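Summary of the model geometry
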Amino acid sequence: MSDQKFYRVLILAVVSSFAVRADTVESQSRHTQDSAIFEDKLNLEFNIRGVQYFSESPADSNFQQQAEVEVLFEKQGPILLKTHGVVGTFTLEKSSYIAIPELFAGISAVDTKSFVIAGRKIQNFSFLDRNENLGLYNSNFTNDFINYRQQGLTGVHAQAQSGLFGVYAGYYPWYFPSQGPQVYEQNGEIRSSNRWAQRPPSRFKFGSSEREIVYAIRAYEIDEIVRSSGEGASIFWGSSSERPWVKVSYARKPVNEIPLTRETYGTTTNFTGQVKLSPVVTYGQVQSVDINLDANRFKTTFSYLEDRVFNQTAATDETLQFLSPLRIYGAWTSADLSDFFKRKISAEISYSEVSGGEVKDLLSDGRDSLFTFSSHRVRFKRPFTVALRSDLFVVSQRPVTTQIKWTYDDAVRGTLLSGMASYQPLAKLNLNVGFDVLGVEKNSIQDNFLQDQQANDRVYGGLEYVF
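Read on for a plain summary of the structure. Here the structure is a predicted model, which is why all the values come from computation and not from measurement. (Residues numbered from 1 in each chain as written. Predicted model: local features only at pLDDT ≥ 70, side-chain atom pairs only at ≥ 80, totals over all residues. Heavy atoms only, no water.)

Before going further, it helps to examine the packing of aromatic side chains. In the structure shown here, the tally under the stated rule is 11 aromatic pairs. Aromatic pair Tyr97 and Phe141: ring centres 5.6 Å apart, planes at 35°, arrangement tilted. Placement of the pair is Tyr97 in strand S4 (residues 97-108) and Phe141 in strand S6 (residues 139-141), with a sequence separation of 44 residues. The class for Tyr97 is buried, based on a relative accessible area of 9%. (Phe/Tyr/Trp six-rings, centres within 6.5 Å; stacked < 30°, edge-to-face > 60°. Helix = DSSP H or I, 4+ residues; strand = E, 2+ residues; numbered from the N terminus. Buried < 20%, exposed > 50% of the residue type's maximum accessible area, 1.4 Å probe, protein only.)

Here you go:
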């Protein structure tokens, strides 16, 4: 998946179980519920931080500064409104970014369980898709391949719920793929000021020597890409549409990681390779099942998720990326341990297993291309994750919130370890520090996310101020 993000940005940067204790949920206080329904929310958050990488990179400097403004306005009740936008930049050339995870308006029933909404909305189709940042239903936004924001689907959303049974349906006439680290084409080269950005080969082997590859983007209509429609639906059984006891979802829409087609040829004057790229809107179908078991302080989810891409055939004398189908099983459980420690503390354990997801570059006759741009659609194959969040430490009568997350993938034999601590010396000011460490074992398999990015170990620190 991480490799695919590069190619989409290159083209579009210019754009069965039943509930345990169901009666507990049903008996919630009507007064508390109504108060939450009509509460408006407005946050304007300014973030600034410094990031220190431990290794050199030709793309950027080891020390970077980042500034970001995030605005969130939400109104609930009979009228539903939400605006969530992010604008930011690094202290590097061509590193500014903008994202709009949600932007919609609509109407709802008094209990907000039934609604009709028009705009860009994040819909909860699959827990596994959201928890593992797969981006199969909703698209993603990220400046690296560790921290993700979900982004919604743009169109008309309708949900109706009566008692424990509910149904959702959506029609999405506009298509906005995932956003990844920014890249651009300049003077026949693919460039970026972000070390996480994936780049195609810059040279090819010609006889006993290596020759330069010159890239270009063929003319295309962005409007033809954006106006690619899709649809999705869910049925669920349970008191909450966010964590029902059972949810079954389906969508047919363009894949969020847009494939590329390319024309490749060599010149006889200076023996350079010429590669001309263009996007191909490719449809696929996604389907999933979630089973949620929640009881007191424990929550458990079992998920199944699969997709199938309707790959096209490359045109004559061209090469087109072929996306293999994905099939994923996952289990997740969390426990709120606050009662035992008299402070906020929770633990999570998850495991998932991925089948398929390879990416190939195929010629019009089905043969493999001499070189490939990417090889996988997902970061992990068999990730086992343990996470711990706590407020165990106190400074000046204010808690220090800590989080540690460890993921080990035994399929590729690699590890991702992340940690963060945040502290609020003032009501609206939050200080934070953290780290990310990636590593692989000596006998790890070749060509995987952890191996590709293991040189990007980093520490960071910053502040957030909410106006």
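Applying the stated criterion across every chain yields a total of 19 salt bridges. As a salt-bridge pair, Glu70 and Arg149 come within 3.4 Å of each other at their nearest N and O atoms. With a gap of 79 residues between them, Glu70 in strand S2 (residues 63-75) and Arg149 in strand S7 (residues 149-151) connect regions that are remote in the sequence. Close ionic contact of Arg243 with Asp294 constitutes a salt bridge, the shortest N to O distance being 2.8 Å. A residue pair is termed long-range when its members are at least 10 positions apart, and Arg243 in the loop between strand S14 (230-237) and strand S15 (246-254) and Asp294 in strand S18 (residues 283-295) qualify at 51 residues. Here the salt bridges do not stand alone but share partners, grouping Glu68, Glu70 and Arg149 into one network. (Salt bridge = Lys/Arg side-chain N within 4 Å of Asp/Glu carboxyl O.)

Turning next to the pairing of S2. Residues in a regular strand project their side chains so that they alternate between the two faces of the sheet. With burial as the criterion, only one face of S2 is covered, namely that bearing Gln64, Gln66, Glu68, Glu70, Leu72 and Glu74; the residues Phe63, Gln65, Ala67, Val69, Val71, Phe73 and Lys75 on the opposite face remain uncovered. As paired elements, strand S1 (residues 41-53) and S2 share 12 bridges and run antiparallel to each other. Among the inter-strand pairings, Leu42 is bridged to a residue of S2, identified as Phe73. The pairing of S2 with strand S3 (residues 79-90) spans 10 bridges and is antiparallel. (Pairing = 2+ DSSP bridges.)

So, about a nonpolar patch on the surface. On the surface, Leu42, Leu44, Phe46, Ile48, Val69, Val71, Leu431, Leu463, Tyr465 and Phe467 cluster together into a nonpolar patch covering about 810 Å² of accessible area. Every element with two or more residues in the nonpolar patch is listed here: S1, S2 and strand S28 (458-466). Sort the elements by how many residues they give to the nonpolar patch and S1 lands first, with 4 residues. You can see Leu431 is positioned in strand S27 (residues 429-440). According to the relative accessible area criterion, Leu431 is partly exposed, its value standing at 35%. (Patch = residues over 30% accessible without salt bridge, like charges linked within 9 Å, V, L, I, M, F, W, Y side chains within 5 Å. Areas by Shrake-Rupley, 256 points an atom, 1.4 Å probe, with all protein chains shown as cover.)

This part takes up the environment of Ser202. Here Ser202 lies in the loop between strand S11 (189-191) and strand S12 (203-206). Between the C-alpha atom of Ser202 and that of Gly188, which follows or precedes it by 14 residues, the distance is 9.7 Å. Discounting chain neighbours no more than four positions away, the residues touching Ser202 are Arg211, Glu212 and Ile213. (Contact = heavy atoms within 4.5 Å.)

Turning our attention to the environment of Phe467. Position of Phe467 relative to the elements: it lies in the segment after S28. With a relative accessible area of 55%, Phe467 lands in the exposed category. Separated by 424 residues in sequence, Phe467 and Asn43 have C-alpha atoms that sit 6.7 Å apart. Excluding residues within four positions of it along the chain, Phe467 makes contact with Leu44, Phe46 and Lys428.

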